[in-house]
Every structure is written in structure tokens, then in C-alpha cells.
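Coordinates in review
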Amino acid sequence: MGCLYILGNAAGILALRSRSRALWWVVFAVNFTQGIGFWVIPPSMWDAATDLYGTWGIVPSAVTDGGALLLTMTMVLVMVKHRTAWAQQRAVPADASQASGISRSTR
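Residues numbered from 1 in each chain as written. Predicted model: local features only at pLDDT ≥ 70, side-chain atom pairs only at ≥ 80, totals over all residues. Heavy atoms only, no water.

**A short note on the confidence of the model for the protein chain**
- For the protein chain, the average pLDDT comes to 83, and 81% of its residues sit at 70 or higher.
- Ranking the elements of the protein chain by mean pLDDT puts helix α6 (residues 94-100) last, at 57, and helix α4 (residues 43-53) first, at 92. (pLDDT = per-residue confidence, 0-100. Helix = DSSP H or I, 4+ residues; strand = E, 2+ residues; numbered from the N terminus.)

Okay, here's the thing in C-alpha cells:
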């Protein structure tokens, strides 16, 4: 399962070049499913890791799952605020500013 998340998170690196809507949903799905790991992983795993390694045994999962949960919440908030994936501003055609009476200096 960890290998699938490595591949899924590596797909997020593509966001540096491509801002496609499909990629946004892939990144969202990977981080959402990874973020719910706190509730999906059986409590016996957390107990076993703590018994074997102490508190440090849960740090890797806490960091990856917690980080994914924070990223998922951030993605949702930004998407709701900007009403678009990747919070991109839509390009305004040059002739649209002339038609509405807005000069280029006030855009």
C-alpha cells in the first residue's frame, strides 16, 4: 500500500508543470485516502508500533497521514474560495476589458 502512495504522491509532482483538472482530482484522492489513515488503520497496528518502538513508532504515519489530511483540507478550502482547481485565475481576453470600459492600468 505504501508503494501506491509513493506513486500517487509522485504524481503530485506533475503539478509543477501541469495544472490539469484531472491531476487535481488525482492529488486530492491520494491525499484524502492517505489522510483518513488515522481512522482506517486498525488500532492494533498503532498499539504494536507503540509497544515495539515507543512513541517514535507512530511518527512516520502521523507525519504522512497528518500532512495529507492538512493538504486535503487546504485544497478544499482554496477550491471553494477560488471556485476552480489549482486556484487559477481565468484569463481575461484583451478585448473584454475594452468592452466593459476597464482600462489596462486598472486591471
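Okay, back to it.
**Overview of the layout of surface pockets**
- The computed volume of the largest pocket comes to approximately 200 Å³.
- If you go around the largest pocket, the residues you meet are Met1, Gly2, Tyr5, Thr33, Gln34, Ile36, Gly37, Val40, Ile41 and Asp65.
- Secondary structure elements with two or more residues in the lining of the largest pocket: α1 (2-12), α2 (21-35) and α3 (37-40).
- Residue classes in the lining of the largest pocket are distributed as five nonpolar, four polar and one charged. (1 Å grid on protein atoms, 1.4 Å probe; cavity = no way out; pocket = protein on both sides within 12 Å on 5 of 7 lines; lining within 4 Å. Points joined across faces, edges and corners; volume = space filled by probe spheres on them. Nonpolar A, V, L, I, M, F, W, Y, C, P; charged D, E, K, R; others polar.)

**Observations regarding the packing of aromatic side chains**
- In the structure shown here, the tally under the stated rule is six aromatic pairs.
- When the centroid spacing of 6.1 Å and the interplanar angle of 15 degrees are considered together, the rings of Phe28 and Phe32 count as stacked. Residue Phe28 and its partner Phe32 are located together in helix α2, separated by four residues, close to a single helical turn.
- We classify Phe32 as partly exposed; its relative accessible area is 40%.
- Geometrically, the ring pair formed by Phe38 and Trp39 is edge-to-face, given 6.0 Å between the ring centres and 80 degrees between the ring planes.
- Exposure remark for Phe38: the relative accessible area of 31% places this residue in the partly exposed category.
- Look at Trp39 and you get exposed, because its relative accessible area is 63%.
- Aromatic rings pair up to connect Trp24, Trp25, Phe28 and Phe32 into one cluster. (Phe/Tyr/Trp six-rings, centres within 6.5 Å; stacked < 30°, edge-to-face > 60°. Buried < 20%, exposed > 50% of the residue type's maximum accessible area, 1.4 Å probe, protein only.)

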